[in-house]
Amino acid sequence: MKKTIIFLLLMIGFQSFSQYGYKKFYFSAGITGQYMTAPTYTGYDANLTAIPRYNFVELGPETTFSIEARPQIGVGFRNWYKYREYDDVFPTRLSYSIPVIVNFNWGLNSEENSLYLVGLYLGGGYNYSNVISKEPPYDAVHGFVIDAGIRFDGSPIPQLGLMYTIGNDGSRIYSFGVYYDF
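Small disclaimer: the values here were computed from a predicted structure and weren't measured. (Residues numbered from 1 in each chain as written. Predicted model: local features only at pLDDT ≥ 70, side-chain atom pairs only at ≥ 80, totals over all residues. Heavy atoms only, no water.)

S.K.: What exactly am I supposed to notice about the pattern of salt bridges here?
M.R.: In a structure, side chains of opposite charge can pair up when their charged atoms sit close to one another. Enumeration over the complete set of coordinates arrives at two salt bridges. Across the salt bridge formed by Glu68 and Arg70, the nearest N and O atoms sit 2.3 Å from each other. For the salt bridge of Arg70 with Asp147, the shortest nitrogen-to-oxygen distance reads 3.0 Å. Taken together, the residues span a long stretch of sequence, with Arg70 in the loop between β3 (63–69) and β4 (72–81) and Asp147 in strand β9 (residues 141–152) at a distance of 77 residues. Asp147 shares its class with Arg70; the two are buried. Because the salt bridges share partners, they merge into one network encompassing Glu68, Arg70 and Asp147. (Salt bridge = Lys/Arg side-chain N within 4 Å of Asp/Glu carboxyl O. Helix = DSSP H or I, 4+ residues; strand = E, 2+ residues; numbered from the N terminus. Buried < 20%, exposed > 50% of the residue type's maximum accessible area, 1.4 Å probe, protein only.)

Below is the structure:
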């Protein structure tokens, strides 16, 4: 009996998520700049970013919930310091970041036939960021991320986004991105 009830609840849930008549998949790409602070280093990254997005719930004609991954790869700079004992700048290295975010979308590009010329999104998720290196500092920064952005119709910069990661052991990542919607 318990399994039957759980099965019925899951079917009702999947039925409410399987809506038709609106675009479910979106793709954006662009450039993201990051500044990070950690207990033993600070750093800057410049990353190429891909944003596959899936709208899993349509709340209305101009509002949706989506899940997106935002994989980034680029160049990272780290300044290593430890409690004022020593300072060292390490060479440029490959950096990467993998945030996974659930967003609330409103207006432009929230769904395919949007009538608005501006769109907003706000959400949260999890981010993992690191550099590719055999020598320190290569401590990963990971934790909860807050995401917000705005989309413009007909502008040279169609999407601007901000992310703030509250990382492990007091680390923070501040990100700003410029993206093009396909």
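S.K.: Would you explain the pairing of strand β11 (residues 172–181) in this entry?
M.R.: Consecutive side chains of a regular strand alternate in pointing toward one face of the sheet and then the other. On β11, burial follows the alternation: Ile173, Ser175, Gly177, Tyr179 and Asp181 on one face are buried, whereas Arg172, Tyr174, Phe176, Val178 and Tyr180 on the facing-out side are not. Taken together, the ten bridges between strand β1 (residues 25–37) and β11 define a ladder with antiparallel strand orientation. When the bridges of β11 are listed, Thr32 appears paired with Gly177. Pairing of strand β10 (residues 159–167) with β11, which is carried by eight bridges, proceeds in the antiparallel orientation. Counterpart to Tyr164 in the pairing with β11 is Tyr174. Between β10 and β11, which pair antiparallel one after the other, the connecting turn spans four residues, and Asp169 there sits at a positive phi close to 45°. (Pairing = 2+ DSSP bridges.)

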